[in-house]
Every structure is written in structure tokens, then in C-alpha cells.
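Architecture and fold: a report
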Amino acid sequence: MTSRELVLRALSHEPVDRIPRDLWIDPQVAIDRSDDVAEIEVRFPADLVRPESPYALGACSAGKRASNGQITDSWGCVWQVSREGQEEQIVERPLSDLRNLGKYSPPLECLKGAKLTKVDRFCEQSHRFVLAPVEVSPLHWLQQLRGPELVRKDLESGVKGIRTLLDMVHAFCQAEVGLWAGSQVDGMVLGDDWGSADGLLVPQEVWRELFRPLYREYCKTLHDHDKMVFFRSSGNVTELLGDMVRMGVDAVHCCFECMDMAKIAQRFRGRIAFWTGSDCSDILSRGTVAEVREAALRVRRAFDFGSGGVIAQCSWRPDAPIDRIVAFCEQWVVPLPVHV
């Protein structure tokens with residue numbers, strides 16, 4: 001069974017020989033610890049991969065990434081690039097004032113200039129499950145353009161301008177989904193952060209009115225082209241899981257450690273795949289080897305019923321030692337008693 005077949009069986013809730021692996025390797029890890037990465041690739045190769053993004057630069061892009069200075073991205077956001085190793089910060093947002101909305105348009109030229117020939121060749125030559133290298137994120141783009149706090153207030157108060165902006169962002173996302181639906185990738189990620197540790201960041205009715213129809217449309221387009229749909233969010237999104245199932249999401253990644261995993265598994269197993277790894281996002285960096293093993297086992301005991309529906313996801317950050325990554329991967333291949 002190839003990695004692609006393994007992932008497809010897991011997403012279809014069919015028994016698999018082992019749980020498929022999805023490794024998210026921080027770019028700095030790949031640069032500074034290439035020997036460690038090569039070792040993991042030999043011992044525990046990822047079953048899901050992502051090709052390089054083929055997007056062209058937007059018309060308003062300016063500057064080059066360097067040790068310091070400012071750059072403008074394709075959406076018109078200005079970023080401050082500080083010393084190497086420090087996180088970039090947005091210092092100017094094009095729509096912090098909605099009165100500028102009439103002069104703004106999303107960077108559709110990035111999509112029109114995308115060359116998918118290399119991506120399709122990558123897919124044809126790979127035996128692994130290929131995810132598109134970008135995420136479809138309407139909320140993310142609203143927040144980039146306006147700022148998270150302003151967007152939250154706009155959505156809750158129903159400001160007219162935010163709906164106009166959402167329509168513009170949705171048109172971009174529609175075009176992006178259509179682009180990848182016509183490619184040879186196996187699936188695509190819808191990626192927006194809707195939760196905190198305490199629950200949803202906006203009222204559920206706002207999410208259902210404004211965003212659920214958009215995500216449903218993306219899911220339909222992708223499914224019509226035989227693509228699988230993954231959804232990545234932060235925080236506790238228990239209230240949204242039923243909607244995700246009805247929208248057509250095939251696999252969900254969220255902050256399961258903030259949620260009642262046993263109840264989630266009881267309600268949703270067989271209906272959506274759990275795309276997760278440990279029950280603590282920091283365990284790989286701060287935990288001992290024994291704690292990493294136990295954390296992975298807690299998730300497996302909750303979600304792994306021996307009938308597919310699980311993908312083991314591992315986020316490898318620069319501060320995570322390789323022995324923690326090994327311990328994590330090992331716990332997803334050891335036999336477990338089958339429970340029902």
C-alpha cells in the first residue's frame with residue numbers, strides 16, 4: 001500500500017496497517033538540522049507532502065526578505081523584518097480604515113500567474129498524498145487586512161463594510177479553490193483560527209451566517225473534482241464540528257487538548273477524520289521522552305479504533321529534540337488493543 005492509498009483509506013474510515021503520518025517541519029529545523037530531518041525521513045517518512053507554491057508575486061509586492069527592513073506582501077500588508085530568527089510583524093494594514101475599501105482589490109494576479117505544470121509533475125511522480133501548498137483562509141485575510149480585533153468587532157456588530165470586504169476575499173478564495181481543484185493534488189486545507197482555549201472567538205451564529213456557506217462552497221468544488229478537504233483551526237471548536245461534517249470536511253485539526261476527546265470520538269468517529277498527534281501542543285519541546293509517549297498514547301486511545309479515521313500530525317519546531325520526534329512517531333506504530 002502506498003502512502004497515498006494509506007491516507008485515502010484512513011480518510012474513508014477503512015482499516016489501515018498503520019496510522020498515516022503528517023510531519024510539519026519548521027523551515028529553520030530543515031536549515032539547521034538537516035541531518036536530523038534526513039534521519040526521520042528514513043525512519044518515519046511522511047505520508048502527506050506539499051509541493052512548493054507556484055504563485056506569482058502580487059502587483060503591490062515590494063522589497064526583499066533580509067536581515068532587517070520592511071517588505072510589502074501581495075495583499076498590500078507592510079511587514080517589519082527584524083534580526084534573523086525574530087518573527088516578522090505587520091506594521092501597516094491596507095484596510096485598517098474601511099474608507100479605503102473602494103480603492104482596494106485582492107491580488108488575483110497571483111493566481112493568474114501561477115504555473116501548475118511543476119506541481120502536477122510532482123504529484124504524478126510521488127507515491128504520497130499531496131496537499132496543496134497553500135490554505136484557503138477567508139478569516140485570515142480579513143485579519144491581515146484589518147487587524148484581528150477590528151475584524152472581531154466588525155463581525156459582531158455587522159458593519160456593512162466588513163461584508164463587502166468578505167465578498168471580495170471570498171471571490172479570491174473561490175478562484176484559488178478552482179485553481180487547485182483543476183490540478184493533480186489530492187487535497188486542500190481550509191485554514192482559519194476560530195477558537196481559543198475557552199471556546200469560539202466569535203458567536204456561533206455569526207460563523208454560521210457568514211462563513212459556513214463559503215466553506216461549504218469550497219468543499220463542494222473540491223469534492224466535485226475528487227479532492228479531499230482538510231480543515232485546520234486553533235482552539236476549542238467543539239461547537240463547529242457538526243457543521244464541518246455537514247459542510248463536507250474530511251479531516252479536522254484543532255486544539256483537541258482543550259476539548260473532551262472521548263465525547264468527540266464517540267460523536268464524530270466514522271464521520272470525520274481526526275488529524276492530530278499529541279494532547280499538548282508544547283509537549284514535543286518541553287516534555288520528556290516518557291511524557292511525549294504518554295501524550296501520543298492518550299490521543300490514540302481516544303481516536304484510534306482500528307478503523308481508520310486518524311492521521312498523526314507532528315509539528316517539529318526548532319526547540320524540539322530529535323529523540324522527542326522519534327518517541328512520538330514510535331507511539332503511532334506500536335500495536336494497541338482494539339476498542340469499540
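Here, the structure is the one placed above.
**Overview of the overall build of the protein**
Each helix and strand in the protein was counted, giving 14 helices and 13 strands. Since a compact globule built from 340 residues should have a radius of gyration of about 20 Å, the 20 Å found for the protein is in line with a globular shape. Overall, the protein is about 60 × 45 × 40 Å in size when its C-alpha atoms are taken along their principal axes. Here the protein holds 340 residues, and 52% of them are scored as buried. Excluding contacts between residues fewer than 6 apart, the proportion of contacts in the protein whose partners are at least 24 apart in sequence is 71%. On the protein, roughly 16,100 Å² of surface is accessible, and the fraction owed to carbon and sulfur atoms is 50%.

**Remarks on the sheet that holds strand β5 (residues 89-92)**
Pairing is antiparallel in the open sheet, where three strands are placed in the order β3-β4-β5. Edge positions in the sheet fall to β3 (69-72) and β5, since each has one partner strand and no second. For this sheet the average axis-to-axis angle between neighbouring strands, irrespective of direction, equals 40°. With four bridges joining them, β3 and strand β4 (residues 78-81) adopt antiparallel strand pairing. Paired with Gln70 across the strands is Gln80, a residue of β4.

**Here we look at the pattern of salt bridges**
Under the criterion given, the structure shown has 27 salt bridges. Across the salt bridge formed by Asp22 and Arg50, the nearest N and O atoms sit 3.1 Å from each other. With Asp22 in strand β1 (residues 21-25) and Arg50 in the loop between β2 (48-49) and β3, this residue pair connects regions lying 28 residues apart in the sequence. Here Asp282 and Arg286 are joined by a salt bridge, their closest N and O atoms 3.7 Å apart. Given a relative accessible area of 70%, Arg286 falls into the exposed group.

**Topic: the packing of aromatic side chains**
A full pass over the atoms with the stated rule returns 16 aromatic pairs. Centre to centre, the rings of Phe256 and Phe274 are 5.9 Å apart; their planes meet at 80°, and the pair counts as edge-to-face. One end of the pair, Phe256, is in the loop between β11 (251-253) and α11 (261-268); the other, Phe274, is in strand β12 (residues 273-276), and 18 residues separate them in sequence. Relative accessible area serves as the criterion here: at 1%, Phe256 is assigned to the buried category. A connected cluster of aromatic rings, assembled from ring pairs, spans Trp194, Trp207, Phe211, Tyr215, Tyr218 and Phe231.

**Some remarks on the side chain of Asp154**
By the element assignment, Asp154 lies in helix α7 (residues 148-157). You can call Asp154 buried: its relative accessible area is 6%. Polar contacts involving the side chain of Asp154 include one to the side chain of Arg146, which spans 2.8 Å. Ignoring anything within four residues of it in the chain, the contact list for Asp154 reads Leu98, Arg146, Val159 and Ile162.

**What to know about the nonpolar core**
In terms of nonpolar packing, the biggest core is built from 98 residues, with Trp194, Phe211, Met244 and Phe303 touching the most fellow members. Here Phe303 is in contact with Phe256, Met261, Ile264, Ala265, Phe274, Thr276 and Val310, once residues within four sequence places are set aside. If you look at the next biggest cluster of nonpolar residues, it comprises twelve residues, including Val7, Leu131, Val189 and Phe230.

**So, the packing of helix α3 (residues 34-43) against helix α14 (residues 322-331)**
Contact pair α3 / α14: the axes reach a minimum separation of 11 Å and the direction vectors enclose 15°. With respect to each other, α3 and α14 are oriented roughly parallel. In this structure, the crossing between α3 and α14 has a hand that is right-handed. Judged by residue contacts, Asp36, Glu39, Ile40 and Arg43 of α3 engage Ile322, Ile325, Val326 and Glu330 from α14. Residue classes in the contact of α3 with α14 are distributed as four nonpolar, no polar and four charged.

**What about the sheet that holds β12?**
Judged by pairing direction, the sheet is parallel, and its eight strands sit side by side in the order β1-β13-β12-β11-β10-β7-β6-β2 without closing on themselves. In the strand order of this sheet, the two ends are held by β1 and β2, each with one partner.

**Considerations on the packing of helix α6 (residues 138-146) against helix α8 (residues 160-181)**
It is at 9 Å that the axes of α6 and α8 come closest, and there the two elements cross at 125°. Overall, the two elements α6 and α8 adopt an arrangement that is oblique. The interaxial crossing formed by α6 with α8 has right-handed handedness. Contact with α6, carried on its side by Pro138, Trp141, Leu142, Leu145 and Arg146, involves Ile162, Leu165, Leu166, Val169 and Cys173 of α8 and no other residues of that element. For the contact of α6 with α8, a count of residues per class yields nine nonpolar, no polar and one charged.

**Description of unusual backbone geometry**
Positive phi, close to 60°, is recorded for His13, a residue that is not glycine. The exposure class assigned to His13 is partly exposed, which follows from its relative accessible area of 22%. Of note in the backbone geometry, Asp226 takes a positive phi value of approximately 60° without being a glycine. In this structure, Asp226 sits in the loop between α9 (204-224) and β10 (228-232).

Rules used throughout
Residues numbered from 1 in each chain as written. Predicted model: local features only at pLDDT ≥ 70, side-chain atom pairs only at ≥ 80, totals over all residues. Heavy atoms only, no water. Helix = DSSP H or I, 4+ residues; strand = E, 2+ residues; numbered from the N terminus. Rg over C-alpha atoms; globule rule 2.2 N^0.38 Å. Buried < 20%, exposed > 50% of the residue type's maximum accessible area, 1.4 Å probe, protein only. Contact = heavy atoms within 4.5 Å. Areas by Shrake-Rupley, 256 points an atom, 1.4 Å probe, with all protein chains shown as cover. Pairing = 2+ DSSP bridges. Axes fitted to C-alpha atoms, helices over the stretch in contact; angles between N-to-C directions. Salt bridge = Lys/Arg side-chain N within 4 Å of Asp/Glu carboxyl O. Phe/Tyr/Trp six-rings, centres within 6.5 Å; stacked < 30°, edge-to-face > 60°. Polar contact = N/O pair within 3.5 Å; in protein donor to acceptor, adjacent residues only side chain to side chain. Core = buried A, V, L, I, M, F, W, Y, C linked by side-chain atoms within 4.5 Å. Parallel < 35°, antiparallel > 145°, perpendicular 65-115°, else oblique. Left-handed = near helix turned anticlockwise from the far one by under 90°. Nonpolar A, V, L, I, M, F, W, Y, C, P; charged D, E, K, R; others polar.

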